[in-house]
Each structure stands twice: as C-alpha cells, then as structure tokens.
Amino acid sequence: MAGRINDDDVKAVRDTVPIDSVVSEYLQLRNAGGGNLKGLCPFHDEKSPSFQVSPSKGLFHCFGCQEGGDTITFVMKVDHLSFSEAVERLAAQAGITLRYEEGGYNPAHQRGERIRLVEAHRIAAQYYTEQLDGAEAEIGRKFLAERGFDQAAAQHFGVGYSPAGWDHLTRYLRGKGFSDKELLLSGLSQEGRRGPIDRFRGRLMWPIRDISGDVVGFGARKLRDDDNGPKYLNTPETAIYRKSQVLYGIDLAKKEIAKSSRAVVVEGYTDVMACHLAGVTTAIATCGTAFGGDHIKILRRLLMDNGSAKVIFTFDGDAAGQKAALRAFEDDQKFAAETFIAVAPDGMDPCDLRLAKGDEAVRELAEPRNQLFEFAIRQIVKNYDLETPVGRAAALDEAAPIVARIKNSASQHEVAVQLAGLLGILDTQFVVRRVSQLARWARERGSGGGQGPAPARQAQAYGTAGPSPRPGGPALNLRSPAHRTERELLKLALQHPELVSPAFDAYGADEFTAPPYAAVRQAIADAGGAEYGVPDAPAYLARVREAAPDDAVRAMVTELAVEAVHSRTVDEGYAGVQLVQVRLRAVDRRIREVQGTFARLGAHAGAEQAAAVQNELWVLQQYAQSLRNRGADAL
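In this report, we go over the structure that sits alongside the text. (Residues numbered from 1 in each chain as written. Predicted model: local features only at pLDDT ≥ 70, side-chain atom pairs only at ≥ 80, totals over all residues. Heavy atoms only, no water.)

Observations regarding the overall build of the protein chain
What counts here: Secondary structure counts use DSSP, requiring at least four H or I residues in a row for a helix and at least two E residues in a row for a strand, with both numbered from the N terminus. Relative accessibility under 20% of the residue-type maximum defines a buried residue, over 50% an exposed one, and the middle range a partly exposed one, all with a 1.4 Å probe and only protein chains included. Between two residues, a contact is recorded if the distance between any of their heavy atoms is within 4.5 Å. For accessible areas, the Shrake-Rupley method is used with a probe of radius 1.4 Å. Any residue's cover is judged against the shown protein chains and nothing else.
Scanning the protein chain from N- to C-terminus turns up 28 helices and 16 strands. Classification of the 635 residues of the protein chain by burial places 49% in the buried group. Considering only contacts within the protein chain whose residues lie at least 6 apart along the sequence, 65% involve residues at least 24 apart. As displayed, the protein chain has an accessible area near 29400 Å², and 50% of this comes from carbon and sulfur atoms.

In structure tokens form, the structure reads like this:
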C-alpha cells in the first residue's frame, strides 16, 4: 500500500506551486479586483464568470456551484485524481521530492493509477519520436514530407512512428517497470494470443495531449496497403482518455486562444499542423469524433464568452463536411461566441490548401466571414422547391427557428429579412414576425425551466435570496444588516487578520446569528484564532480549513477567504466598524433577553435575583452606549 505523504512535503507543494498558474492551464483568468482573478468555472456551465482565484491565499472558490479549495483540491477535482495523485503531479511540476512515512518511496508501486498511465504515455511518446529517425520509418517521413512537414515540424508536434513488430513498445515499457495490467489499462497494448501486444504497429503517431500538456492518447495513421486497419486508429477510451473531452493541439493553442478570443476548429492532425505552421496558432481538432458539448466547455473556459469571441469551423466541402457543419451548428447556442464556417476553394482542407497555395491562403481561410447560421439556413433552404407556395412555407417552417436562435436582436431582424428574400416571400414583415414569435417562445421556455436566469442563480449562490443551496444549511439573507456585517467581519478575519486581531479572538461564536457564520468563527478559534494568521496567512487559512467540522463549513471558509471585501479602503477604520457593529448587535440582543427575563420575573423575583438582573442590564446598557460613542476604542 502506498505510504502517507509527509505533511511538510504537502505543505511545501501548497506553498511552492502558485494556484493561478495551475488554474490557468485549464481556463482563462482575468483581473477581478482586490488581487483576485476570475474565470468561467470548470465544474459547472455558466455564462458569466463566478469562479474566483486568490493567488495570495492559494485558494479558489466558485460562487455559482460552491466548489472551492486550495491548489491540491483543484487538481483533484478537475482531473479526478486522489489526494496523493494530485500532490504527486504538483510535486513533479515543482521538482519537489516527496517522502512517504509508511515504508520507502517506490515509484513503480506507490504512484496513483492516473499518474502511472500518464507516465506510460509520456515514455511511449518519446519512444515513438525516436523511432521516426530509423530506417523502417522512411515511409512515415515520406508521408510527412509530401504534406509539407519537415523534421522540425515533426519534432514540434511530437510526431513519431510505431514499429511494425508485434510487441516492441510493450517490451520497452515492461523494461521501464510497467506491468502488463497497466499497459492494457493504458490502451498502449492489447491482449494477444500469448499476452499483451502493441496496439499501434507500423503507423505514423500523433501524441494527443490534454489541456495541461499531459500525453493521454495517440492518433495513428495507416501507411501501408497491407495494413487492414482503419485509416486512423485512436487510443480506446481509458481512465485518462475520453475522445469527447480532448482536442488535438489544445496544449499548443490555448494561450493564443485566450489572448485573441478566437479558435479555429479543423478536422485532422495534419490540418492542425498546417494551420500552426502557417501562423494560425489557434487551430485545434477533435480526435475521431464529432465536435460536441464537452469540446465546447473546454473552449468556452478559454474564450471567456466575451462578446467579441469567435469560433471558426473549417470543413471539407463534401457532403460529410456539410453534415459535420450542421452538427456543429446544433450546439451553437452553447457558445456566447459568434460561430463561423470556412470552406476552402475546391473543397481542400487546410493541409492541402497550404501545399497548393501557401501559408497566406491558410491564414485567409481562417478569417471569420460566413456565419455558421447562414450556412445552416442555406443548407436547409436548398432542400425545398421554392417555386411552389408549399415548398416556401415548408422551408420557412424549418429555417425560421434557426434564425430565431441568433442572439443579437438586430442581427436576428436583418437575417429574417434576408431569409424572406432567399425564400421569395414578398411579405417580409410576416417572416420577421414569425421569427420574433419563435424567439419569444424560446426565451419564455428558457426562463421557466432549467437552471433559471443567471442573476437568480447567483443570488441563491451568495445566499442573498431564498434558501441556501447548501444541503441542510440554514438560510442566509444578505439583505439582513446583521448577516451582511457578520460576513464582512469573517472575511476580514480570514483575509486581513492583522486588522481585526486580537479583538476578534475575544468574540464568541454565539455573537454570529447565522449558524454557518458561527461555525466558521468556531473553526477560526479551533485553528488558533485570527492572531495566528498575522505572520503566515497561507498556513493560517490551511489550518482553518482543516479545523472545519465538515465540507459545508470548509466550503464557506474558502468562499469567505476569496470573496472581495465590500470596501474600496480596507484598513483598521473599516475593520473597527465591522467589529463594533457585530458586538453591538450581540449586546443589544442580550439586553432584550435580560429585559424579557426581568419582565417575566415581575413581582415573583426575590430582591437578590432582581438586583442581579438589573445590574446586568445596567452594565450591558452602559457597554452599548460606550460602543456607540467610542467605537472600536470601547472593545
């Protein structure tokens, strides 16, 4: 069994690996103010960014789905890793050698399954690239050269060659310490008559990397006529490879996609190579499957769904290419970005176009011109006989819903007018009204079901209206001045402990009226108090999170540690106001309780008991008056 990772090494990983650099491998981050960054959450679908990262605290939190935690938690959740696997991956990136407390560290047996499979693919990719230089691979080098790719291009994309023998790679990986079970699980080997054999043999190999840059699979191109397999053979579905969730070239294109808010979707590995070499470095491709919803999620997190984002699809001009374009359009509404289609002259793909007409022609092809919905409409319309009233009506019935899906109302109106002309319907306003009606119905359906409008979801997530979404959690209402102030004070205690300490540490959990806030206050106390956070904020926050009694309280700690303080000036004066308001409300509540007790006792109270109650009431009233008059100096 794997040994427990030394606590000091875990802390070293947390302290060394910046959370923003890790998160940036998966989504685009922008300035959110207050030293925080924001982006589209990788854990749920959203149209406006509610996912925030605090580099100074090493924490992330999504105010939409309530996911949150530190760098290790993020890697665990986004890549579905165990705690030890996530720590091992981050440690490898940071060059930290981990110590295991139960037995020595044995890489062959103690690393998690995903880490092992990724490592096998990394070694396999290196092995394949080395084989491309051999005599047997001459046919592969010729294939690349005929398509305009030299040795430097092959190296840039990691293209390699799988030897034609039965088990060359299998034996090589065994020699590196991998078991037959791991080789079969990885998809690099398959079961033969006498044990595992290579899955890929005598083929040109493209490594398929996930968005973080790990090799998770391969695409293999047939080179010989006696190869009875398919033209392209991909890695089967494995624990690390899901073809619907990977995009070839995303590791190379992601930074430029985020920077330019543009992505070019092509159909094959050589098309991606041709585009990148021609200067279109935002090109990516699917891996043996249609472009779908999971691919869109990857792109949306990079594009950030701003209004100027563009996605350009390039498809072959044949029937299959047109069908692929229509499939892409079916998911068009999942983008906030505008979508376009590009079809090269004579139906050439980008690779052929580069060979025939050069890099400039490829760059020209990738410019957004023809919107995808226009292409979809024309494909629909051409299927009907527009010379007859019945044909025109049928074409309108199928095309009008397409136009109604256009997001921009001005563009929707303009295209509706164009549709009327395309169909030969003289009553243009009839078509415009029909489209508007369909759009209105779609909006009404959307607002009445599903997840609901974004503002409502955000209000629920923040606890500003209605019941809290946290299972079993009490309602939080930030319209309540008490809840609002308690939340601010806890944020200060977590984010700026030097401003509220040591006064805050004298506050009891019962001074916080919302049970989740009382639980956070208790977690801070159990972690040693806010005073502990003054010299070492990251370690302090880690201790508070560890002190939380359950995941709900832990999530609330993370949320409050990341959420911005609602003041432009965060200083001792602002902190003092929050301290005083929380304490004053607690004192006023106690005054009302004592007054109620005194009223209930009435004439039945003994002299000594009545005097004690009156004395407490007097002390409380004097303290409340002092808080009102002197503010934080009275604490």
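From this point, the narrative continues.
Let's talk about unusual backbone geometry
Each neighbour pair has its own omega, and for Ser501 with Pro502 the value is 5 degrees, a cis peptide bond. On the secondary structure map, Pro502 appears in the loop between helix H23 (497-500) and helix H24 (515-526). Positive phi, close to 70 degrees, is recorded for Gln66, a residue that is not glycine. For Ser261, which is not a glycine, the phi torsion comes out positive at approximately 55 degrees.

Here we look at helix H17 (residues 372-381)
By the criterion of burial, H17 is predominantly enclosed, with eight of the 10 residues buried. Of all the residues in H17, the buried ones are Leu372, Phe373, Phe375, Ala376, Ile377, Gln379, Ile380 and Val381.

Some points on the environment of Val13
Within the element layout of this structure, Val13 appears in helix H1 (residues 7-16). On the basis of relative accessible area, Val13 is assigned to the buried category, the value being 1%. Along the primary structure Val13 and Thr97 are separated by 84 residues, whereas in three dimensions their C-alpha atoms are 9.9 Å apart. With sequence-adjacent residues up to four places away left out, Val13 is seen in contact with Val87, Leu90, Ala91, Ile96 and Leu98.

Examining the sheet that holds strand E4 (residues 59-62)
Heads up, the rule is: Two strands are counted as paired when DSSP detects at least two bridges linking them. Every angle, taken between N-to-C directions, lies between 0 and 180 degrees, and every axis is a line fitted to C-alpha atoms, over only the stretch in contact when it is a helix.
The five strands are arranged E1-E2-E3-E4-E5 in an open sheet whose pairing can be described as antiparallel. Of all the strands in the sheet, the pair left with one neighbour each is strand E1 (30-33) and strand E5 (68-70). Pairwise comparison of adjacent strand axes, ignoring direction, gives a mean angle of 25 degrees for this sheet. Where E4 lies against E5, three bridges are found, and the strand directions are antiparallel. What sits directly across from His61, in E5, is Gly68. Across the sheet, helix H26 (residues 551-562) touches strand E2 (36-39), strand E3 (51-54), E4 and E5, and the angle it forms with E4 is around 100 degrees.

Here we look at the pairing of strand E8 (residues 195-198)
On any regular strand, side chains alternate: one points to one face of the sheet, the next to the other face. Sheet analysis places strand E7 (residues 189-192) next to E8, joined by four bridges and oriented antiparallel. Bridge assignment links Gly192 to a residue of E8, and that residue is Gly195. Where E7 folds back on E8, the antiparallel hairpin that results is connected by two residues.

Re the sheet that holds strand E11 (residues 232-234)
If you walk across this open sheet you meet the four strands as E6-E9-E10-E11, and the pairing is antiparallel. Looking along the sheet, the strands with just one partner apiece sit at the ends: strand E6 (160-162) and E11. Going from strand to strand, the sheet's axes swing by 35 degrees on average, the running direction of each strand aside. As paired elements, E6 and strand E9 (residues 203-209) share three bridges and run antiparallel to each other. Of the residues in E9, the one forming a bridge with Ser162 is Arg203.

Some remarks on helix H28 (residues 607-630)
Selection criterion: Expected helix span is computed as 1.5 Å times (number of residues minus one).
Between its first and last C-alpha atoms H28 spans 34 Å; for 24 residues at 1.5 Å apiece the expected length is 34 Å, and the two agree. Residues Ala610, Val613, Leu617, Leu620, Ala624, Ser626 and Leu627 constitute the buried set of H28. Packed against the buried residues of H28 are helix H27 (572-601).

Overview of the pattern of salt bridges
To keep it simple, the criterion reads: Salt-bridge detection follows one rule: a side-chain nitrogen of Lys or Arg within 4 Å of a carboxyl oxygen of Asp or Glu.
The final tally for this structure, using the stated rule, is 30 salt bridges. Residue Asp9 is joined to Arg99 by a salt bridge in which the shortest nitrogen-to-oxygen separation is 2.8 Å. A residue pair is termed long-range when its members are at least 10 positions apart, and Asp9 in helix H1 and Arg99 in the loop between helix H4 (83-94) and helix H5 (107-110) qualify at 90 residues. By relative accessible area, Asp9 is classed as buried at 7%.

Considering the packing of aromatic side chains
Convention followed: Aromatic pairs are defined between Phe, Tyr and Trp rings, using the six-membered ring for Trp, whenever the two ring centres lie within 6.5 Å; interplanar angles under 30 degrees are classed as stacked, those over 60 as edge-to-face, and all others as tilted. As a reminder, the over-ring test applies to NZ of lysine and CZ of arginine, requiring each to be within 6 Å of the ring centre and within 35 degrees of the ring normal.
Under the definition given, this model contains 18 aromatic pairs. Pairing Tyr232 with Tyr269 gives two aromatic rings, centres 5.8 Å apart and planes at 65 degrees, and the pair type is edge-to-face. Of this pair, Tyr232 sits in strand E11 while Tyr269 is found in helix H12 (residues 269-277), placing the two residues 37 residues apart along the sequence. With relative accessibility at 5%, the residue Tyr269 sits in the buried group. An angle of 80 degrees between the planes, with centres 4.9 Å apart, marks the rings of Tyr248 and Tyr269 as edge-to-face. Within this pair, whereas Tyr248 is found in the loop between E11 and helix H11 (250-260), its partner Tyr269 is found in helix H12, the two being separated by 21 residues in sequence. A single burial state applies to Tyr248 and to Tyr269, both of which are buried. Taken together, Tyr26, Phe43, Phe51, Phe60 and Phe74 form an aromatic cluster joined through their ring pairs. Of note, Arg543 hangs over the ring of Tyr532, and the distance from its end group to the ring centre comes to 3.9 Å. Its guanidinium or amino end placed over the ring of Tyr507, Arg583 lies 4.1 Å from that ring's centre, counting from NZ or CZ.

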